[in-house]
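Chain and residue survey
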Amino acid sequence: MRTVSIQPYESIYSWVVRSHLRYGSAYERHTYKALFGHSPVSIHHYLPKHIEELCSRTNAQPDTLIQQHTLYCLFQFFDETTDHSSSLLRYMLGNKNERILASSFIRSARLSTRPSHKFCSACIEELRKEKGFGLYDIRCQLPGIIVCPKHGILFECFSSTNGPIVKLRQAKPNSNREKVEGKTESFVQFCFDVIELSINNHERFDHKRYYNALDRRGYITKEGRVRHKALTRDVVSEVSKIVLEPGAEHLCSMYYLGSLLSKRQYSMHPIQHLLFGWWLFEADASRFYEDELPPEQYALKW
């Protein structure tokens with residue numbers, strides 16, 4: 001089956017939808033069988049599987065789809081255990097012997113967000129005027145975020161849990177747009193920036209960047225311990241101003257801060273790192289990727 005050209009930051013679900021609308025028959029099951037070899041297929045919104053099968057039936061490359069059109073790179077960046085990211089990769093490629101769920105990789109977050117494909121109505125309208133079609137942006141699919149950083153309006157979404165078949169639906173603009181004020185836009189823009197950097201920089205996060213930044217802000221004692229009480233108070237006071245998706249609001253309490261800063265390499269969800277990093281790095285995504293000088297060296301630099 002022919003497919004349309006996949007666009008930058010377009011989700012795999014979106015690519016399948018547009019290919020079906022352009023080249024598919026009237027029946028969705030025919031598109032599923034042509035692209036995945038079987039039907040029905042439920043396409044996960046940010047960590048889809050059966051990538052290898054999909055690529056074998058199209059001209060796409062597995063590495064390109066996984067790295068540029070899913071959130072795998074973001075999960076890999078924050079994974080300090082290596083085993084989890086390699087298991088996740090096998091899961092996404094579609095290894096029949098690999099039985100893991102996407103949710104098992106993010107167990108510490110206790111997320112209960114509804115699985116859904118999200119999009120911004122205003123962005124869809126702009127894309128249709130510019131290119132003639134709309135698409136689902138993979139950056140919008142990060143669990144927890146709910147606002148478009150460009151337009152400041154709530155995402156539209158539809159559930160992907162109604163039965164085994166995810167209906168192939170094209171995003172439609174909604175004229176009823178609710179704006180969200182406060183720190184939420186800044187946080188979501190920060191998330192978008194980190195996702196883009198994770199796609200273009202294939203490296204893993206170094207925990208020392210947290211400690212150096214905390215030390216420079218006075219949250220590390222001379223014995224090298226974190227001032228957890230003061231830190232939690234200050235982080236929560238700012239993070240609590242962010243509006244998160246239903247099922248993720250509890251993350252603003254920062255109950256996981258101790259595990260996040262622990263050197264025991266707990267597996268943490270990217271959204272947990274992003275909430276803390278937004279506050280610590282003052283909404284500057286590049287600081288996740290840059291080594292900062294310890295305070296004493298920073299002082300000498302001046």
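These notes cover the structure that comes with them. Quantities reported herein were computed from a predicted structural model and do not represent experimental measurements.

Focus: the packing of aromatic side chains
- Under the counting rule described, the total for this entry stands at 20 aromatic pairs.
- With 6.3 Å between their ring centres and 90° between their planes, F77 and F288 make a pair best called edge-to-face. Highlighted residues: F77 in helix α5 (residues 72–78) and F288 in the loop between α12 (270–280) and α13 (295–301), separated in sequence by 211 residues. Across the pair, F288 and F77 agree in class, each one buried.
- An aromatic cluster is defined as three or more aromatic residues linked by ring pairs; in this entry it consists of F77, F78, F190, F205, Y210, Y219, F276, W279, F281, F288 and Y289.
- Note that R29 overlies the ring of Y27, its terminal NZ or CZ placed 4.6 Å from the centroid.
- R139 extends its terminal NZ or CZ atom over the ring of Y9, reaching a point 4.1 Å from the ring centre.

Section: unusual backbone geometry
- S39 connects to P40 through a cis peptide bond whose omega is 5°.
- The residue P40 is located in the loop between α2 (28–36) and α3 (51–56) in this model.
- Of note, the phi angle at M254 is positive, near 55°, even though the residue is not glycine.
- Among the secondary structure elements, M254 is positioned in the loop between α10 (228–239) and α11 (257–261).
- Residue classification places M254 among the buried positions, given a relative accessible area of 2%.
- The backbone of A283 shows a phi angle near 65°, a positive value even though the residue is not glycine.
- When you line up the elements, A283 lands in the loop between α12 and α13.
- What makes A283 partly exposed here is its relative accessible area of 30%.

Here's the deal with the pattern of salt bridges
- Counted according to the given criterion, the structure contains twelve salt bridges.
- With a closest N to O distance of 2.6 Å, R139 and D137 form a salt bridge. Just as R139 is buried, D137 falls in that class too.
- Beyond isolated ion pairs, a larger network of salt bridges with shared partners links D137, R139 and E196.

Digging into helix α8 (residues 184–200)
- With 17 residues, α8 should cover 24 Å at 1.5 Å per step; its first-to-last C-alpha distance of 25 Å lies within 8% of that length.
- Within the span of α8, buried status applies to T184, F187, V188, F190, C191, F192, V194, I195, S198 and I199.
- Tucked into the core, α8 has its buried residues touching α4 (62–69), α5 and α12.

Side note on the environment of M268
- Position of M268 relative to the elements: it lies in the loop between α11 and α12.
- Using a relative accessible area of 8% as the deciding quantity, one classes M268 as buried.
- Taking the C-alpha atoms as reference points, M268 and Y256, separated by twelve residues in sequence, lie 8.9 Å from one another.

A short note on the environment of P143
- As for its placement among the helices and strands, P143 is situated in the loop between α7 (121–130) and β2 (156–159).
- Spatially, the C-alpha atoms of P143 and E245 are 7.5 Å apart, while their sequence positions differ by 102 residues.

Each value, and the rule that gives it
- Residues numbered from 1 in each chain as written.
- Predicted model: local features only at pLDDT ≥ 70, side-chain atom pairs only at ≥ 80, totals over all residues.
- Heavy atoms only, no water.
- Phe/Tyr/Trp six-rings, centres within 6.5 Å; stacked < 30°, edge-to-face > 60°.
- Helix = DSSP H or I, 4+ residues; strand = E, 2+ residues; numbered from the N terminus.
- Buried < 20%, exposed > 50% of the residue type's maximum accessible area, 1.4 Å probe, protein only.
- Lys NZ or Arg CZ within 6 Å of the ring centre and 35° of its normal.
- Salt bridge = Lys/Arg side-chain N within 4 Å of Asp/Glu carboxyl O.
- Expected span 1.5 Å × (residues − 1).
- Contact = heavy atoms within 4.5 Å.

Honestly, that's just the spatial picture; any functional story needs more than this.
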